Amino acid sequence: MASVTAEDIKSELDTFNIAFNDDTVDKLLQQCVCHRLKGDDIVCEWFAFSASKDQLPLTLENLDQFEHEILNKKKKSKGSSKGSQFNKTRDINSIQELIRAEEEEENLLDAYSTPAKGSQKRALTTPEHPQSKRGVARLASPSLMLSPASFSPSATPSQKYGMRGGRGEVVSSFGMVQGPRWTGKGQTSVRVEMLEGGENSLISNYKYMFQRLRDVRDVLTEKIEELGEELRSHFNIEEFSPVSLPVQDSITVLGQVCCDSNGKLNAQSVLLEAGQEQGGRQVPVDLSELKEFSLFPGQVVVMEGMNPSGEKFVATKLYEGIPLPFYCPSEVKQEMDEVSEPVMVMMACGPYTPSESLTYDPLIDLITIINKDRPDVCILFGPFVDSKHEQIEKNQVTETFESIFKRCVDSIVEGTKGSGCRLVFVPSQRDVHHHYIYPQPPFNLTNLSKDDTARVTLASDPCTLLIGNVTFGLTSTDIVFHMGAEEISSGTGTERFSRIMKHMLTQRSYYPLYPPAEEVNMDYEKFQQFGQMNLTPDVLIVPSELRYFIKDVIGCVCVNPGRLTKGQVGGTYGRLLIQPNPVLVDGKRVSPCIAGQVVKI
């Protein structure tokens, strides 16, 4: 098919006497490229669509509606017979050739735009649909870079994923339900940086497997003493008594909750282990006098009660934990009338393939959504190459794990270049090619260009990011699932997810559970340095196998966006609208999160 030019489209529009501008012509040109149409064909389609809608004017919004209602449906009907079979057998020669072809196509399209709109023209090369037949064109797309035949000789697209329902359905929401427009501006000017800075952030690999039990004890003891001192000064407690001291009067004790066996914690198996200053003894705790409690192994608590015999502590009061203050930037706050535009932040968590096939169709669909909604920041959590995937476990792949991961990153970076959004990559302990230690160092991507490096942030697990002076706490480790399996409660009147999030914030840790889950390889020396919260984040993102949620917990907006795939079917992703540079109203903090949603892929 001969390439379509902007002049062709303008000539056809003039024939039908349709008013247009440069932006609408660019949009039509983009749709021609993506949907493999000629200039006269797409103008005829638009004329028929406009006539059916009472002479709808040619605008960018109406063109989006036109593409959704007309062009995409035509593509599906064609792709179901011929296109899908073509894509199954299509393979690639090299990533470099595809990237080079994409750059040539960008240069061609840039020739029809003014320099001021050059950044917008890049969006014309992004994929618009995973089943597109653009594979026969010179244009590169993530669907080619992530060709299933290049990873596994027996890979076939997932039928269950392709037949999923409810695409784009909002399954959980927060804040403004009506009104917010879920599109960003692709602002590369939005600042994304580590809150702690280079010195106090985990930015490189480190040596592990040199941990001594004495070092673990010192870390746990220091945690007990630090939190105990905060609670003592907040509640005006004179001093803590030894937990095993026989006394007839009511005393206040400090310690860490633990279980009396290797089994699951229950109300009859709770022990309180005191710190070194309080004797370091373990004493059983009777919880029958408490009206309400929520406890988990590793929790630092202050209790009031009696221990007449010295053998069992009867608790009568459990003190609430105290969260850290929120972030307060050093610069002068903006006035209310100078508040900048909201920033859209999108987040998704792997795995990015269905469980029965090593095809990255969900990731390709996500890239399409990024190009359509143009979020300002997109946070992507691992695993990118999932160690729990059956074909990875059996090594039924034709490339190295590192090579597969490199293709994933290349397809994401190149595929979203036109959107202009900032990308944040957070590793997972399920990433088979990366260090499976907690805290986990960031990925090492040495092949990024200078422009891509400025747009990509490589974060550790866990970490605290600063996005437009709004703090984001991030961890890809499934702490919600791990704590949910260990936590016990009675009479709290709150649901489990809220309790777990509150525990994380009041214990001031991204992983307060001790001992950790069997699959978590904890380095406690680094955990003390990089796994603690230095403040209460404005937004806490904790992807989990458990049900998605988005809710406010003691002023922090906590989000579980779910996973992009759930077994053989599609999962969910999250999106937030935040107010950068939040202001104080009447001297009080206002949550910077305007609205949030969890959406089906």
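Keep in mind the model is a prediction, meaning the values are calculated, not measured.

(A) Spotlight on the environment of Glu229. You can see Glu229 is positioned in helix α10 (residues 213-234). As for Glu229 and Phe240, which are separated by 11 residues in sequence, their C-alpha atoms are 9.8 Å apart.

(B) Focus on the environment of Lys160. Within the fold, Lys160 resides in helix α8 (residues 159-162). Distance from Lys160 to Gly570, taken between C-alpha atoms, is 8.5 Å for residues 410 residues apart in sequence. Setting aside residues no more than four positions away along its own chain, Lys160 makes contact with Gln568 and Val569.

(C) Just a negative patch on the surface, in detail. A grouping of Glu7, Asp8, Asp40 and Asp41 is seen on the molecular surface, where their side chains present a negatively charged patch. Those elements that provide at least two residues to the negative patch are α1 (6-15) and α3 (39-52). Of note, Asp40 is situated in helix α3.

(D) Focus on the nonpolar core. Grouped together as the largest cluster of nonpolar side chains are 38 residues, with contacts concentrated most on Leu366, Leu380, Phe425 and Tyr573. For this core, the secondary structure elements donating two or more residues are β9 (343-349), α11 (361-373), β10 (377-381), α13 (401-415), β11 (422-426), β21 (572-578) and β24 (593-600). Not counting residues within four places of it along the chain, the set of residues in contact with Leu366 comprises Met346, Ala348, Tyr352, Leu380, Leu564, Tyr573 and Ile601.

(E) Representation of α3 within the structure. An ideal rise of 1.5 Å per residue puts 20 Å on 14 residues; α3 measures up with 20 Å between its terminal C-alpha atoms. For α3, the set of buried residues is Gly39, Ile42, Val43, Trp46, Phe49 and Ser50. Along α3, the residues classed as buried sweep out an arc of 125 degrees about the axis, all on the same side. Two residues or fewer after α3 comes Asp54, characterised by a positive phi angle close to 65 degrees.

(F) The arrangement of unusual backbone geometry in detail. A cis amide bond links Tyr438 to the next residue, Pro439, at an omega of 0 degrees. Along the polypeptide, Pro439 turns up in the loop between β11 and α14 (450-455). Note the cis peptide between Asp461 and Pro462, where omega equals 0 degrees. If you trace the backbone, Pro462 turns up in the loop between β12 (456-458) and β13 (463-467). In this structure, Asn395 is a non-glycine residue whose phi angle is positive, near 60 degrees. Looking at the element boundaries, Asn395 is found in the loop between α12 (390-393) and α13.

(G) Quick peek at the packing of α1 against α3. At a minimum axis distance of 9 Å, the contact between α1 and α3 shows a crossing angle of 40 degrees. By the angle class used here, α1 and α3 are oblique. You can see that α1 and α3 cross each other, and the crossing is right-handed. In contact with Ile9, Glu12 and Leu13 of α1, α3 contributes Gly39, Asp40 and Val43. Residues of the contact of α1 with α3, tallied by class, amount to three nonpolar, one polar and two charged.

(H) Quick look at the confidence of the model for the protein chain. Mean pLDDT over the protein chain works out to 84, with 83% of the residues at or above the 70 mark. Across the protein chain, element-level confidence peaks in strand β16 (residues 539-541) with a mean pLDDT of 98 and bottoms out in helix α6 (residues 118-121) with 40. A low-confidence stretch, residues 81-94 (pLDDT under 50), is modelled with 20 contacts involving residues beyond four sequence positions or located in other chains. Across residues 114-140 the pLDDT falls below 50, and counting only partners more than four positions away or on other chains, this stretch makes 82 contacts in the model.

(I) Region of interest: the layout of surface pockets. What the second largest pocket holds in volume is close to 520 Å³. Lining the second largest pocket are 27 residues; nearest its centre among them are Glu292, Ser294, Glu320, Lys502 and His503. Secondary-structure elements contributing two or more residues to the lining of the second largest pocket are β6 (293-295), β7 (300-307), β8 (313-318), α16 (496-507) and β17 (549-553). Take the lining of the second largest pocket: its biggest share by element is six residues, from α16.

(J) Highlighting the pattern of salt bridges. Counted by the stated rule, this structure contains 24 salt bridges. Of the charged contacts in the structure, one is a salt bridge between Lys27 and Asp64, with a shortest N-O distance of 3.2 Å. With Lys27 in helix α2 (residues 22-35) and Asp64 in helix α4 (residues 60-89), the pair connects residues that are 37 residues apart, well separated along the chain. Exposure remark for Lys27: the relative accessible area of 16% places this residue in the buried category. The class of Asp64 is partly exposed, set by a relative accessible area of 40%. We note a salt bridge from Asp452 to Lys417, for which the minimum N-O separation is 3.8 Å. Of the two residues, Asp452 sits in helix α14 while Lys417 sits in the loop between α13 and β11, which places them 35 residues apart along the sequence. By relative accessible area, which is 17% here, Lys417 ends up buried. Salt bridges linked by common partners bring Asp386, Arg430, Glu545, Arg563 and Lys566 together as one network.

(K) The arrangement of the sheet that holds β16 in detail. Taken in spatial order, the six strands make up an open sheet running β2-β13-β14-β16-β18-β17, and their pairing is mixed. Each edge of the open sheet carries a strand with a single partner, namely β2 (192-194) and β17. Taking each pair of neighbouring strands and ignoring which way they run, the sheet shows an average axis angle of 25 degrees. The sheet strands contacting α16 are β16, β17 and β18 (556-560), and the helix crosses β17 at an angle near 55 degrees.

(L) Here's a closer look at the packing of aromatic side chains. Across all of its chains, the model carries 16 aromatic pairs by this definition. For the pair Phe497 and Phe549, a centre-to-centre distance of 4.9 Å together with 25 degrees between the ring planes defines the contact as stacked. With Phe497 in helix α16 and Phe549 in strand β17, this pair connects stretches of sequence that are 52 residues apart. The class of Phe549 is buried, set by a relative accessible area of 4%. Plain terms: the ring middles of Tyr524 and Phe527 are 5.9 Å apart, the flat faces sit at 80 degrees to each other, and that makes the pair edge-to-face. Highlighted residues: Tyr524 and Phe527, both in helix α17 (residues 524-530), separated by three residues, approximately one helical turn.

Here is what the cut-offs are and how they apply
Residues numbered from 1 in each chain as written. Predicted model: local features only at pLDDT ≥ 70, side-chain atom pairs only at ≥ 80, totals over all residues. Heavy atoms only, no water. Helix = DSSP H or I, 4+ residues; strand = E, 2+ residues; numbered from the N terminus. Contact = heavy atoms within 4.5 Å. Patch = residues over 30% accessible without salt bridge, like charges linked within 9 Å, V, L, I, M, F, W, Y side chains within 5 Å. Areas by Shrake-Rupley, 256 points an atom, 1.4 Å probe, with all protein chains shown as cover. Salt bridge = Lys/Arg side-chain N within 4 Å of Asp/Glu carboxyl O. Lys, Arg positive; Asp, Glu negative; His and termini not counted. Charge placed at Lys NZ, Arg CZ, Asp CG, Glu CD. Core = buried A, V, L, I, M, F, W, Y, C linked by side-chain atoms within 4.5 Å. Buried < 20%, exposed > 50% of the residue type's maximum accessible area, 1.4 Å probe, protein only. Expected span 1.5 Å × (residues − 1). Arc of directions from axis to C-beta. Axes fitted to C-alpha atoms, helices over the stretch in contact; angles between N-to-C directions. Parallel < 35°, antiparallel > 145°, perpendicular 65-115°, else oblique. Left-handed = near helix turned anticlockwise from the far one by under 90°. Nonpolar A, V, L, I, M, F, W, Y, C, P; charged D, E, K, R; others polar. pLDDT = per-residue confidence, 0-100. 1 Å grid on protein atoms, 1.4 Å probe; cavity = no way out; pocket = protein on both sides within 12 Å on 5 of 7 lines; lining within 4 Å. Points joined across faces, edges and corners; volume = space filled by probe spheres on them. Pairing = 2+ DSSP bridges. Phe/Tyr/Trp six-rings, centres within 6.5 Å; stacked < 30°, edge-to-face > 60°.

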